Amino acid sequence: MKLIVKNLTLTAAVIASPLMVSAQENTDSLTYIMVSHAPDSDSWWNTIKNGIALGGKQMGVTVEYRNPPTGDLADMARIIEQAAASQPDGIITTLADFDVLAGPIRNAVDQGIDVIIINSGTAEQARDVGALMFVGQPEYDAGFAAGVRAKGDGVGSFVCVNHVISNTVVAERCRGFADGLGIELGDSMIDTGQDPAEIKNRVIAYLTANPETDAILTLGPTSADPTILAVQEMGIAGDIYFGTFDLGDEIVKGIKEGIIQWGIDQQPFLQAYLPVVILSNYDRYGVLPGNNINSGPGFVTADALEKVEKYAGEYR
């Protein structure tokens, strides 16, 4: 088997110059396209890219990564349509907004293209659009588990820092956390956008206006990293309870330093790697797992950082 690696750096012109991992194998040639909702600026998705790269290499298939450069979901819908028009053997995609993306995904399925939903969306939504399965983290359940854990640690109120308000499924993390605490979500979820300076300022503004807040919940590195700076600037780093979804270099550093109590690992590597393996085996041998796959949640604390720290941002 001869592996050919083409352009592993995502460019702004993702459609013209997609991330591609290709391989040649004597048996057949299979091509899969992955479409995410992530903007180019979100480094968390590097782990996803590593997952499809390794999956493509090991299975001897071609895998392309495409995304809307600014994270615009209407643009993402068009990318899914363009991907389907190229007639790949399969599409792996997120379902960040059911109303916007369900139509293009159903159209791909109607053309006979196998689809696996990952990361965003639910198992029910995946079934609704005709996808083979869902691989990801049940977001409400993950939020609920985090809320129960925080309640056991004495937390009674919180602010949820939501940097992707357009992704309705991600907001389920906040709702689950509130239910786990046994309180109403109310105004505890703030829409910060994705600009780091704006996120930091809005967190500071909220905590200043609501000094009785017990805890902070961030939804990924995009919101966690500026929030770390916010609590440091306010002089409350390590004093206010701080939990986050996902991992990244600054999050791991924050856990190590006692600023963040825990990070919830949804294992994005598996969300990308497993669909490539599943689609390859399905196309070649007709075998398919009978159930959806929950890749998370798992809690990462300071007690278990060695391997996580080594591979954060790469495979974790």
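Residues numbered from 1 in each chain as written. Predicted model: local features only at pLDDT ≥ 70, side-chain atom pairs only at ≥ 80, totals over all residues. Heavy atoms only, no water.

As recorded in an unreviewed UniProt entry, the chain goes by the name Sugar ABC transporter substrate-binding protein, listed as coming from Pseudorhodobacter turbinis. Comment text from UniProt for the chain, heading Subcellular location (unreviewed entry), reads "Periplasm". (UniProt positions renumbered as here; feature names shortened; annotations may be inferred.)

## Let's talk about the packing of aromatic side chains
Think of a pair of aromatic rings as described by two things: how far the centres are apart, and how the planes are tilted against each other in angle. One pass over the full model with this rule turns up eight aromatic pairs. Ring geometry for Phe 269 against Tyr 273: centres 5.4 Å apart, planes inclined by 15°, an arrangement best described as stacked. Remark: Tyr 273 and Phe 269 occur in helix H10 (residues 268-285); sequence separation between them is four residues, near one turn of the helix. The same class applies to Phe 269 as to Tyr 273, namely buried. Among the aromatic residues, those joined into a ring-pair cluster are Phe 269, Tyr 273, Tyr 311 and Tyr 315. Across the ring face of Phe 299, the terminal group of Arg 149 is positioned such that the distance to the ring centre comes to 4.7 Å. (Phe/Tyr/Trp six-rings, centres within 6.5 Å; stacked < 30°, edge-to-face > 60°. Helix = DSSP H or I, 4+ residues; strand = E, 2+ residues; numbered from the N terminus. Buried < 20%, exposed > 50% of the residue type's maximum accessible area, 1.4 Å probe, protein only. Lys NZ or Arg CZ within 6 Å of the ring centre and 35° of its normal.)

## Re the pattern of salt bridges
Across all of its chains, the model carries eleven salt bridges by this definition. One salt bridge in this structure joins Asp 179 and Arg 175, with 3.8 Å as the shortest N-O distance. Note that Asp 179 and Arg 175 are positioned in helix H6 (residues 171-181) at a spacing of four residues, about one turn of the helix. For Arg 175, a relative accessible area of 36% translates into the label partly exposed. Among the salt bridges present, the one from Glu 198 reaches Arg 202, with a minimum N-O distance of 2.7 Å. Of this pair, Glu 198 and Arg 202 both sit in helix H7 (residues 196-209), four residues apart, which is roughly one turn of that helix. One connected set of salt bridges, linked through shared partners, spans Glu 139, Arg 173 and Asp 246. (Salt bridge = Lys/Arg side-chain N within 4 Å of Asp/Glu carboxyl O.)

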